Amino acid sequence: MLVAPGESSETAFRKLVRGHWFGWLGALEEGDAPLARAKIDEILKHAQKIEIRRMTDLSLSATLLGRRQLAAGKSEIAGEAFTAAMRLDPDLPDPRWARVSLAASSRAWGELVPNLLGALRATFADSESRRVVLVRLVLIFLLTACAAALASILVLLVRHGPRLVHDLKESAHSLLHGTVPSLAVAAFLVLPLLLSLDVLWLALFLFVLLFGYASLEQKLASSLALALAILLLPALDRIAYDLSITSSPILRAAEALEESRYDQRVLDNLEAAKNILPDDADIRFLLGRLYQSLGQNDRAIAEYTVGSHVAPHDIRCLVNRGNIRFVDGDLGSAQEDYQEALKRDGRSIAARYNLALLYAETFRTVEAAQTLQEARALDARAVQSFQETPTLVKVVSLGYTPEEARAKIERMGRDSRTRRLLGHYRGFRLGDGLGLPRLPKGSVPGAFGIPLFWAVFGAIGAAFILDRTRRQGRGYASECQKCGRAFCRLCKPPGESALLCSQCVHVYLKKDGVAIETKLHKLEDVRRRRTFEGRMRLVLNSLLPGSAAFLDSRLLPAVVAFGLFAFGLLSVLLRDALATLPRPTLTAGTPGVFFWLLVAIAGWIAGFVTSTRKA
């Protein structure tokens, strides 16, 4: 017999609220707002009885319905749908961002700011949304560092390219004892591309060659940007793993428990995982814990019973099954479960504490006091915590945290059957590529196994070594302070000024009978050089804000201007491409685009404000 999704694992809670949910849909379609709110009140009453605080799937359904109504021009019905969605799940950001869109489209400016603040709060309150936002921020920050490293290399190349070409020609001349054509120098500058390497290797090659021409501040800034940029590779590797396991039914179930959230999709996926791994005690326990939290005690006991059999040394299923029987009034069976749990693990605080409550409930005060004293002797803080934060049913149930779920997923990587589960198809180890034992078959190589990762650190080291060697040897070509021509100490006789080329020395210093045509030509060179420098700074600063300050070795204004510009621009372009949520979503949308555009524009303006040279 064919079964609809969710029908086979439909809980008693869902059956209770189903009628009220369809009643809310009908009232909303008819425009009966009071009746629709009353139906939501009934759903919330049933949720409060079993301590369910979030009903994500119902809230998402209401949000999607509201979006359809808003697109159809029915703003009042859309507003009611969004309000109902926020009541069903206070921490879901989607309906709150929808309310922001509704307030903006209806020009209700008084509601815009409160709705915007509520949407931001919900974005960081929901674990899935918070994870995606933090991932995007980290990746965009590292991509900004990559852009800064490439921009610094480009700026240094434009500024010191003539000096580099002059030094290359002089070095080749001394090695080959002859004149080297310019084409050969150009081929050397793009050598990585000629060797079939990519542009990143070319950037590292140019960084090594240009490093010595930069000032100390420029050297430190470009090296730091490169070091930060290379962190993108291990960060991508780790983030890819984290995002892949977020779809794991085990992790999603653990997060739903922690957030007191009801989501039928979580139960469906965990039931599918149980069919693949029927002998896994953790899946049985987690499934039983979910059913227990939803008041489906018969299903919870069935899962706990199987879990206690497949794991003879595990006590979690016994303790929680005893709690269900305690609440149902089957105190004899509950006592047997607690005592069996203590036989398996005599140091279980929860089992001993619950057994003391059971003794007190049956008026065996001496046994209750003795058992409670034994629990305090094992862990007084835990017992005090149980007493200070009592549950509605008195007894303490064992849970399953997201940290335990992550550790479980890592252990499950050794079982080939888990590859059939969503979120379990990839393994991760930070030391991949360092000679450590290999990951299981099918795992993705680590970032440390990529040659480019080590090439960055090699390039930084090679740049410092080459710079030190050149300074101890022939040094670097200088730039004439007047005409900008590159020259070295081999190009002029000793004793002349180190700031001017030989022609400018004769024109401006010696004035030894230089022809008037030569002087005019030199003055024209000086004028062209100043005009070119001004235009170059303007163009670079327009395309790469902060580059003018970087050329003047003013790092703070350069970092602020380019950082804001690159971060804002990358956020606009890649905001929805770096990570996605495993559900139909409605995120910040247009407000987010405008915000990051303003950040980019602020960085661009800051680049022009700080472009003035120091006095």
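This write-up is about the structure you can find in this document. On a predicted model such as this, the values are computed, not experimentally measured, just so you know.

### Some remarks on the packing of helix α7 (residues 127-176) against helix α25 (residues 516-543)
Line of reasoning, step 1. Packing of α7 against α25 brings their axes to within 12 Å, and their N-to-C directions diverge by 175°. The angle between α7 and α25 places the two elements in the roughly antiparallel class. Across the interface between the two elements, V155, V158 and R159 from α7 touch E533, M536 and L540 from α25.
Line of reasoning, step 2. Class assignment for the residues of the contact of α7 with α25 results in four nonpolar, no polar and two charged.

### Let's talk about the pattern of salt bridges
Line of reasoning, step 1. A complete count under the given rule lists 35 salt bridges for this structure.
Line of reasoning, step 2. Among the ionic pairs, R87 bridges to D41, the shortest N-O distance being 2.3 Å. With R87 in helix α4 (residues 75-88) and D41 in helix α2 (residues 33-49), the pair connects residues that are 46 residues apart, well separated along the chain.
Line of reasoning, step 3. Using a relative accessible area of 32% as the deciding quantity, one classes R87 as partly exposed.
Line of reasoning, step 4. Given the relative accessible area of 31%, D41 is considered partly exposed.
Line of reasoning, step 5. Across the pair D242 and R238 runs a salt bridge whose closest N-O atoms are separated by 3.1 Å. Pair noted here: D242 and R238 are both in helix α12 (residues 232-245), with a separation of four residues, about one helical turn.
Line of reasoning, step 6. Residue classification places R238 among the partly exposed residues on the basis of a relative accessible area of 30%.
Line of reasoning, step 7. Taken together, the salt bridges that share partners define one network made up of R54, D89, D126, E259, R261, D263 and R265.

### Re the packing of helix α19 (residues 349-361) against helix α20 (residues 365-378)
Any two packed helices are characterised by the angle at which their axes cross and by the distance between the axes.
Line of reasoning, step 1. Between α19 and α20, the shortest axis-to-axis distance is 8 Å and the interhelical angle comes to 160°. The orientation of α19 relative to α20 falls into the category roughly antiparallel. α20 is crossed by α19, and the crossing has left-handed handedness. Touching I349, R352, Y353, L355, A356, Y359 and A360 of α19 are E367, A368, T371, L372, E374, A375 and L378, all from α20.

### Overview of the side chain of R261
Line of reasoning, step 1. Here R261 lies in strand β2 (residues 261-262).
Line of reasoning, step 2. Relative accessible area serves as the criterion here: at 7%, R261 is assigned to the buried category.
Line of reasoning, step 3. Among the polar contacts made by the side chain of R261, one reaches the side chain of E259 at a distance of 2.9 Å.
Line of reasoning, step 4. When residues no more than four places from it in sequence are discounted, the contact partners of R261 are R54, T56, D89, R252, E255 and A256.

### As for unusual backbone geometry
Line of reasoning, step 1. Positive phi outside glycine occurs at R107, with the angle close to 60°.
Line of reasoning, step 2. In this fold, R107 is placed in the loop between α5 (93-105) and α6 (109-125).
Line of reasoning, step 3. Taking the relative accessible area as the measure of exposure, R107 reaches 62% and is therefore exposed.
Line of reasoning, step 4. Positioned with a positive phi, F363 is a non-glycine residue whose angle comes to about 65°.
Line of reasoning, step 5. Structurally, F363 is set in the loop between α19 and α20.

### With respect to the nonpolar core
Nonpolar side chains in soluble globular proteins tend to be buried together.
Line of reasoning, step 1. W24, I43, M55, L88, I250, L270 and Y400 are the most contacted members of the largest nonpolar core, which totals 52 residues.
Line of reasoning, step 2. Ranked by size, the runner-up nonpolar core spans 43 residues in total, among them A172, V208, F211 and F453.

### Focus on helix α3 (residues 56-71)
Line of reasoning, step 1. Compared with an ideal rise of 1.5 Å per residue, which puts 16 residues at 22 Å, α3 spans 22 Å between its outermost C-alpha atoms and is within 8% of the ideal.
Line of reasoning, step 2. All of the buried residues along α3 are T56, D57, L58, S59, L60, A62, T63, L65, G66 and Q69.
Line of reasoning, step 3. Phi for G73, located one or two positions after α3, is positive at around 85°.

### Quick word on the packing of aromatic side chains
Line of reasoning, step 1. Summed over the entire model, instances satisfying the criterion amount to 13 aromatic pairs.
Line of reasoning, step 2. Judged by centre distance (6.0 Å) and plane angle (40°), the ring pair of F285 and Y304 falls under tilted. Of this pair, F285 sits in helix α15 (residues 281-293) while Y304 sits in helix α16 (residues 297-310), and the two are 19 residues apart along the sequence. Accessibility assignment for this pair places F285 and Y304 in one class, buried.
Line of reasoning, step 3. Every member of this aromatic cluster is reached through a ring pair, and the members are F207, F211 and F464.
Line of reasoning, step 4. The ring centre of F285 lies 4.7 Å from the NZ or CZ of R316, which sits over that ring.

### Focus: the environment of A253
Line of reasoning, step 1. Secondary-structure assignment places A253 in helix α13 (residues 249-258).
Line of reasoning, step 2. A relative accessible area of 0% places A253 in the buried class.
Line of reasoning, step 3. Residues A253 and L270, 17 residues apart in the sequence, show an inter-C-alpha distance of 7.5 Å.
Line of reasoning, step 4. Look past the residues within four positions of A253 in its chain and what remains in contact with it is V266, L270, L286 and L290.

### A few points about a nonpolar patch on the surface
Line of reasoning, step 1. Taken together, F188, V190, L191, L193, L194, L195, L197 and V199 make up a surface patch of nonpolar side chains, about 670 Å² in accessible area.
Line of reasoning, step 2. A total of three residues in the nonpolar patch trace back to one element, the largest contributor, which is helix α9 (residues 191-194).
Line of reasoning, step 3. Tracing the backbone shows L197 in the loop between α9 and α10 (199-210).
Line of reasoning, step 4. On the accessibility criterion, L197 (36% relative accessible area) is partly exposed.

Thresholds, definitions, all that
- Every chain is numbered on its own, with residues counted from 1 as its sequence reads.
- Where totals are concerned, whole chains, interfaces and linings use all residues; where local detail is concerned, this predicted model gives features only for residues with pLDDT of at least 70, and gives and counts side-chain atom pairs only at 80 or more.
- Side-chain figures throughout are based on the complete set of non-hydrogen atoms in the structure, without hydrogens or water.
- The convention used is that axes are lines fitted to C-alpha atoms, helices contributing only their stretch in contact, and that angles between N-to-C directions extend from 0 to 180 degrees.
- Helix numbers and strand numbers start at the N terminus; a helix is a DSSP run of H or I with at least 4 residues, a strand a run of E with at least 2.
- Should an angle fall under 35 degrees it is called roughly parallel, over 145 degrees roughly antiparallel, and 65 to 115 degrees roughly perpendicular, with every other angle called oblique.
- Only heavy atoms enter the contact rule, under which two residues are in contact if any of them lie within 4.5 Å.
- Each residue gets one label: Ala, Val, Leu, Ile, Met, Phe, Trp, Tyr, Cys and Pro are nonpolar, Asp, Glu, Lys and Arg are charged, and the others, such as Gly, are polar.
- Basic side-chain nitrogens of Lys or Arg form a salt bridge, by our definition, when they fall within 4 Å of a carboxyl oxygen of Asp or Glu.
- Using a 1.4 Å probe on the protein chains alone, a residue whose accessible area is under 20% of its type maximum counts as buried, one over 50% counts as exposed, and one in between counts as partly exposed.
- Crossings are assigned a handedness: left-handed for a near helix turned anticlockwise from the far helix by less than a right angle, right-handed for a clockwise turn.
- We call two N or O atoms a polar contact when they sit within 3.5 Å, provided that within protein one can donate a hydrogen and the other can accept it, with sequence-adjacent residues counted only if both atoms are side-chain atoms.
- We call a set of buried Ala, Val, Leu, Ile, Met, Phe, Trp, Tyr and Cys residues a nonpolar core when their side-chain atoms join them within 4.5 Å.
- Working rule for helices: expected span equals 1.5 Å times residues minus one.
- Only centres within 6.5 Å qualify two rings of Phe, Tyr or Trp (six-membered ring in Trp) as a pair; their planes then separate them into stacked at under 30 degrees, edge-to-face at over 60, and tilted for everything else.
- We call a charge positioned over a ring when the NZ of a Lys or the CZ of an Arg lies within 6 Å of the ring centre and within 35 degrees of the ring normal.
- Patch membership requires over 30% relative accessible area and the absence of a salt bridge. Like charges are linked within 9 Å, and nonpolar side chains (Val, Leu, Ile, Met, Phe, Trp, Tyr) within 5 Å.
- Areas reported here follow the Shrake-Rupley algorithm with a probe of radius 1.4 Å; residue values treat only the protein chains shown as occluding.

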